Amino acid sequence: MSTDRIIVIGDELAGVDAEIIELLAKRMDLVRELELLKRGAGAPIIRPDIEEQRMASYRILADEYGISPRFILAIFYHIHAESIRRQLEERENASKGKI
């Protein structure tokens, strides 16, 4: 295998990783906006029914792309946990008048 090709693929992987981080940052921006809307509507932060539906759709997408559903669900578990943590933090800061 050509060392040049290894370097090229490594660079491509680094680019994809950067895109993933950028998308996660965008997702967290949306989470902040969602929390504001939920707070205004008096809606709970955690909505198990919605989360269950999303996890089911992630399983299907993982299968369609040939990726282990277990792997994808583990990733989204952490993404959702961070989303909830941020929403709780936003709500707490708002209740203390920090926002």
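Residues numbered from 1 in each chain as written. Predicted model: local features only at pLDDT ≥ 70, side-chain atom pairs only at ≥ 80, totals over all residues. Heavy atoms only, no water.

Asker: Account for the nonpolar core, naming residues and giving values.
Answerer: Nonpolar side chains tend to gather and get buried jointly when the protein is soluble and globular. In this structure, Met-55, Tyr-58, Ala-62, Ile-72 and Leu-73 together form the largest nonpolar core, which totals five residues. Looking at this core, the elements that each hand over two or more residues are α2 (48–65) and α3 (69–95). Broken down by element, the residue count for this core peaks at three residues, all from α2. The residues contacting Met-55, other than those within four sequence positions of it, are Leu-73, Phe-76, Tyr-77 and His-80. (Core = buried A, V, L, I, M, F, W, Y, C linked by side-chain atoms within 4.5 Å. Buried < 20%, exposed > 50% of the residue type's maximum accessible area, 1.4 Å probe, protein only. Helix = DSSP H or I, 4+ residues; strand = E, 2+ residues; numbered from the N terminus. Contact = heavy atoms within 4.5 Å.)

Asker: Run through the packing of aromatic side chains, naming residues and quoting values.
Answerer: Applying the stated rule across the entire model yields one aromatic pair. Between the aromatic rings of Tyr-58 and Phe-76, the centroid separation amounts to 4.0 Å while the plane-to-plane angle is 25°, which identifies the pairing as stacked. One end of the pair, Tyr-58, is in helix α2; the other, Phe-76, is in helix α3, with 18 residues separating them in the sequence. For Tyr-58, a relative accessible area of 12% puts it in the buried group. Using a relative accessible area of 21% as the deciding quantity, one classes Phe-76 as partly exposed. (Phe/Tyr/Trp six-rings, centres within 6.5 Å; stacked < 30°, edge-to-face > 60°.)

Asker: Pulling in residues and values, what's your account of α2?
Answerer: Taking 1.5 Å per residue as the helical rise, α2 with its 18 residues ought to reach 26 Å, and the 26 Å between its terminal C-alpha atoms agrees with that figure. Residues of α2 that are buried include every one of Met-55, Tyr-58 and Ala-62, and no others. Viewed end-on, α2 has its buried residues packed into an arc of 60°, placing them on one side of the element. Exposed side of α2, more than 90 degrees from the buried face: Gln-53, Asp-63 and Glu-64 are the residues found there. On the buried face of α2, the contacting elements are α1 (3–41) and α3. (Expected span 1.5 Å × (residues − 1). Arc of directions from axis to C-beta.)

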